[in-house]
Amino acid sequence: MSRDIKKINISELVNNGFNSNKSNRVVKEIEEACLDLGFFTIVGHGISSKLINATLDSAKKFFTLSENKKLKIAPKKWNKKNSNIYRGYFPSSVNGKEGLDIGDYTLKNTMIQNLPKDKFECLNLRQVFDNKSLFAIEKYFDSMFSLGELLFKAIASSFKINSNIVSKVFVRPKTLTTLRFNYYPKQNTPIEISSQDGESLGCETHVDSGIMTLLYQDKKGGLQAQNRNTLEWHNVPYDKNSFVVNTGLALQYLTNDKFKATNHRVLWNKTKRMSVPFFFEPSYNFSLNPSLLGIKSKSIYKIHSYEKFLKKSLTKFTEYKR
């Protein structure tokens, strides 16, 4: 079933901000979707199909490269010549899919105040992308980052606080935001059998670590989200004009469980599949303290900086056991 995955037109927010009755209704829709399933799709986001397609083409070109070429930007675990540990390419032998994790391109090797921080690494993407692809990737990163800020403002406004908090939470290049290219090759066997319903999976059941994820999935589909009350699984519909949005564990911590992270998974479909998630994440030194949203009740979770929180959260993912 897919009817429980709400589609929200956010064009009013994109075009006119938060100062109209229409925008208030959109904010309410976003809040309800976050409270309900924690998964929804958005249209009217203002990101052109031309830019989306150019980014997808860049990803496709990358995954058609030889393994040796892709390994040029792999972490040290798969390429002993490299010093990067967090960013870069990981092969499908790790967990059934291959991927490329790209951080904020505005982070430079000269920024010595940021580089010592955990997970801050500069990749030389020119080893594997041409100028046209790099231009598309950078423009896409900028566009998705702005979209993430807009959605977070909508969520923050439900707490009746100044939405300018976004400028404190997401400071480039101090955020740990990640653009990932995921490629699922033809999988001969599932990577996991669901203990709940026996379903064969191409990607394990999990919740995302960040504030939210903005995903573009191809028409192969296969993504499912779980209703946390009924435990039923719902297909997340494909729409070439939409992005899938889901709330992450950091938002759950920050909102003291008001907005909970949602379990999701990908079905084993035996055919090639690609997805482009944008993991929208705070600055490394941002404190996941509910009081920053005006929440007066005692924090359910131990309060950490996002850097410390992420380090612990990623230990559950096979591809990050490096």
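Residues numbered from 1 in each chain as written. Predicted model: local features only at pLDDT ≥ 70, side-chain atom pairs only at ≥ 80, totals over all residues. Heavy atoms only, no water.

## Some words on the pattern of salt bridges
For the record, the criterion: Whenever Lys or Arg places a side-chain nitrogen within 4 Å of a carboxyl oxygen from Asp or Glu, that contact is recorded as a salt bridge. Secondary structure elements are taken from DSSP: a helix is a run of H or I of four residues or more, a strand is a run of E of two residues or more, and numbering for both begins at the N terminus. Each residue is assigned to one of three classes by its accessible area relative to the maximum for its type, calculated with a 1.4 Å probe on protein chains only: buried under 20%, partly exposed between the two thresholds, exposed over 50%.
Tallied over the entire structure, the rule returns 12 salt bridges. Between lysine 258 and glutamate 31 there is a salt bridge, and its shortest N-O distance comes to 3.2 Å. Within this pair, whereas lysine 258 is found in the loop between helix H7 (249–254) and strand E12 (264–267), its partner glutamate 31 is found in helix H2 (residues 21–36), the two being separated by 227 residues in sequence. Take glutamate 31: its relative accessible area is 14%, and that puts it in the buried class. Between lysine 97 and glutamate 319 there is a salt bridge, and its shortest N-O distance comes to 3.7 Å.

## Quick notes on the environment of phenylalanine 278
This is how it is decided: Residue contacts follow a heavy-atom distance rule, with two residues in contact if any of their heavy atoms lie within 4.5 Å.
By secondary structure assignment, the location of phenylalanine 278 is in strand E13 (residues 273–280). Considering only alpha carbons, one finds phenylalanine 278 and glycine 210, 68 residues apart in sequence, at a separation of 9.9 Å. Leaving out residues up to four positions away in the same chain, phenylalanine 278 has contacts with Phe141, Met144, Phe145, Thr177, Thr178, Leu179, Met212, Thr213 and Leu214.

## Describing the side chain of aspartate 218
Quick note on the threshold: Residues scored as positive are Lys and Arg, those scored as negative are Asp and Glu, and His as well as the terminal groups of each chain are ignored. Nitrogen and oxygen atoms within 3.5 Å of one another constitute a polar contact, given that in protein one can donate a hydrogen and the other can accept it, and given that sequence-neighbouring residues count only through two side-chain atoms.
The topology assignment puts aspartate 218 in the loop between strand E8 (212–217) and strand E9 (223–226). Here aspartate 218 is buried and forms no salt bridge, its nearest opposite-charge partner arginine 273 lying at an N-O distance of 4.6 Å. A distance of 3.0 Å separates the side chain of aspartate 218 from the backbone nitrogen of lysine 220, its partner in a polar contact. At 2.7 Å, the side chain of aspartate 218 and the backbone nitrogen of methionine 274 are in polar contact. Beyond its immediate stretch of four places on either side in the chain, aspartate 218 contacts Tyr238, Arg273 and Met274.

## A closer look at the nonpolar core
Put simply, the rule reads: Note on terminology: a nonpolar core comprises buried Ala, Val, Leu, Ile, Met, Phe, Trp, Tyr and Cys residues joined through side-chain atoms within 4.5 Å.
Counting residues in each nonpolar core, the largest one holds 79 residues, and the members touching the most others are Ile30, Phe152 and Phe181. At 13 residues, helix H5 (residues 131–157) tops the list of elements feeding residues into this core. Excluding residues within four positions of it along the chain, phenylalanine 152 makes contact with Ile165, Val166, Val169, Phe170, Ile211, Met212, Leu251, Leu254 and Phe280. Counting residues in each nonpolar core, the second largest holds 11 residues, with Ile5, Leu37, Cys203 and Leu215 among its members.

## Remarks on empty space enclosed by the protein
Formally: Only protein atoms enter the 1 Å grid, on which a cavity is a set of points fitting a 1.4 Å probe that cannot get out and a pocket is an open set with protein on both sides within 12 Å along at least 5 of 7 lines, lining residues being those with an atom within 4 Å of a point. Grid points are joined across faces, edges and corners, and a volume is the space filled by probe spheres set on the points. Each residue receives one of three labels: charged for Asp, Glu, Lys and Arg, nonpolar for Ala, Val, Leu, Ile, Met, Phe, Trp, Tyr, Cys and Pro, and polar for the others, Gly being one of them.
Overall, the coordinates contain 3 cavities of 30 Å³ or more when judged by the stated rule. The calculated volume of the largest cavity comes to roughly 390 Å³. Contributing to the lining of the largest cavity are 31 residues, with Arg180, His206, Asp208, Pro277 and Phe279 lying nearest its centre. Contributions of two or more residues to the lining of the largest cavity are made by strand E5 (178–184), strand E7 (200–206), E8, strand E11 (243–247), E12 and E13. For the lining of the largest cavity, the class distribution of residues is 14 nonpolar, 9 polar and 8 charged. Lining of the second largest cavity is provided by Arg87, Gly103, Asp104, Leu107, Lys119, Phe120, Glu121, Pro173, Thr175 and Leu176.

## Here we look at the side chain of asparagine 182
Here asparagine 182 lies in strand E5. By relative accessible area, asparagine 182 is classed as buried at 5%. Those residues within four positions of asparagine 182 in sequence are excluded, and the remaining contacts are Phe63, Phe90, Lys97, Glu98, Gly99, Arg273, Met274, Ser275 and Pro277.

## Description of a positive patch on the surface
The test is simple: Patch membership requires over 30% relative accessible area and the absence of a salt bridge. Like charges are linked within 9 Å, and nonpolar side chains (Val, Leu, Ile, Met, Phe, Trp, Tyr) within 5 Å. Only the protein chains shown count as cover for residues, and all accessible areas are computed by the Shrake-Rupley method using a 1.4 Å probe. Think of each charge as sitting on NZ of Lys, CZ of Arg, CG of Asp or CD of Glu.
A contiguous patch of positive charge on the surface is contributed by Lys50, Lys61, Lys132 and Lys139. Taken together, the elements giving at least two residues each to the positive patch come down to helix H3 (49–63) and H5. Within the fold, lysine 139 resides in helix H5.

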